[in-house]
Amino acid sequence: MNDLADRFFAAVGDGDERTLTALYAPDARIWHNDDGREQTVTENLRVLRWLSRTLEDLRYEDIRRHELPDGFAQQHVLRATLPGHGPLEVPACLFVRVDDGRITRIDEYVDSAATLPLRAQADRRREN
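Remember, it's a predicted structure, so these values are computed and weren't measured experimentally.

1. Topic: the packing of aromatic side chains
Geometry of an aromatic ring pair is reported as the spacing of the ring centres plus the angle between the planes.
Phase 1: A complete count under the given rule lists five aromatic pairs for this structure.
Phase 2: Plain terms: the ring middles of Phe-8 and Tyr-24 are 5.9 Å apart, the flat faces sit at 75° to each other, and that makes the pair edge-to-face. In this pair, Phe-8 sits in helix H1 (residues 2-14) while Tyr-24 sits in strand E1 (residues 24-32), placing the two residues 16 residues apart along the sequence.
Phase 3: When its relative accessible area of 4% is taken as the criterion, Phe-8 is described as buried.
Phase 4: Between Trp-31 and Tyr-109, the ring centres sit 5.2 Å apart and the planes meet at 65°, which makes this aromatic pair edge-to-face. Here the residue Trp-31 occupies a position in strand E1, and Tyr-109 occupies one in strand E6 (residues 102-110), the gap between them amounting to 78 residues.
Phase 5: Through pairs of rings, three or more aromatic residues link up here, namely Phe-8, Phe-9, Tyr-24 and Tyr-60.
Phase 6: For Arg-65, the ring lying beneath its charged end belongs to Phe-72, and the centroid distance is 5.9 Å.

2. Brief notes about the UniProt feature "domain: SnoaL-like" (unreviewed entry) in the chain
Phase 1: UniProt records the feature "domain: SnoaL-like" (unreviewed entry) at residues 6-106, using the numbering of this structure.
Phase 2: From the first C-alpha to the last, residues 6-106 spans 15 Å; its make-up is 30% helix and 54% strand.

3. Quick notes on the sheet that holds strand E5 (residues 86-99)
Phase 1: The strand order across the open sheet formed by six strands is E2-E1-E6-E5-E4-E3, and the pairing between neighbours is mixed. If you trace the sheet from one side to the other, it starts and ends with strand E2 (38-39) and strand E3 (56-68), each paired once.
Phase 2: For E1 and E6, the ladder comprises five bridges, and the chain directions are parallel. Across the sheet, Trp-31 pairs through a bridge with Asp-107, a residue of E6.

What counts and how
Position labels on residues start from 1 in each chain and follow its written sequence. It should be noted that, the model being predicted, local features are given only for residues of pLDDT at least 70 and side-chain atom pairs only at 80 or more, the latter also being counted only at that level, while totals for whole chains, interfaces and linings use all residues. With hydrogens and water set aside, each side-chain value is computed from the structure's full complement of heavy atoms. Any Phe, Tyr or Trp ring, taking Trp's six-membered ring, that has another such ring centre within 6.5 Å forms a pair; planes under 30 degrees apart are called stacked, those over 60 apart edge-to-face, and the others tilted. In DSSP terms, a helix is any run of H or I states spanning at least four residues, a strand is any run of E spanning at least two, and both are numbered starting from the N terminus. Relative accessibility decides the category of a residue: with a 1.4 Å probe and only protein chains considered, values under 20% of the type maximum give buried, values over 50% give exposed, and everything between is partly exposed. Think of it as a cone above the ring: NZ of Lys or CZ of Arg counts as a charge over the ring if it is within 6 Å of the ring centre and within 35 degrees of the ring normal. UniProt positions are given in the numbering used here, feature names are shortened, and annotations may be inferred rather than shown by experiment. Strand pairing is assigned whenever DSSP detects at least two bridges linking the two strands.

Next comes the structure, spelled out in structure tokens:
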């Protein structure tokens, strides 16, 4: 389970869509506490692509991972530099369900106040 988790977070940090697609089950769902919506794999990959292109030096630190009977839970702080804003720190916790070696569901809890600069950047991008 640790290998899958390490590959997943490395792929997110690298913007490696091929690896992420291979790690996700085709019908996986990704839920976020800050908007209460579920995303499909395609929708999630679009967001992760934007993050990897927008943020500089994206990395996961202060990682605490716990294996669960059906996957794993991970607490971490996503750190990066957001151009035009500066350093960004987003504490988060993910509960990741895995079946047959592929991710079938992620429930992600983030500090929504810490994501405000990202949301503002996304809003500016949509306006242009």
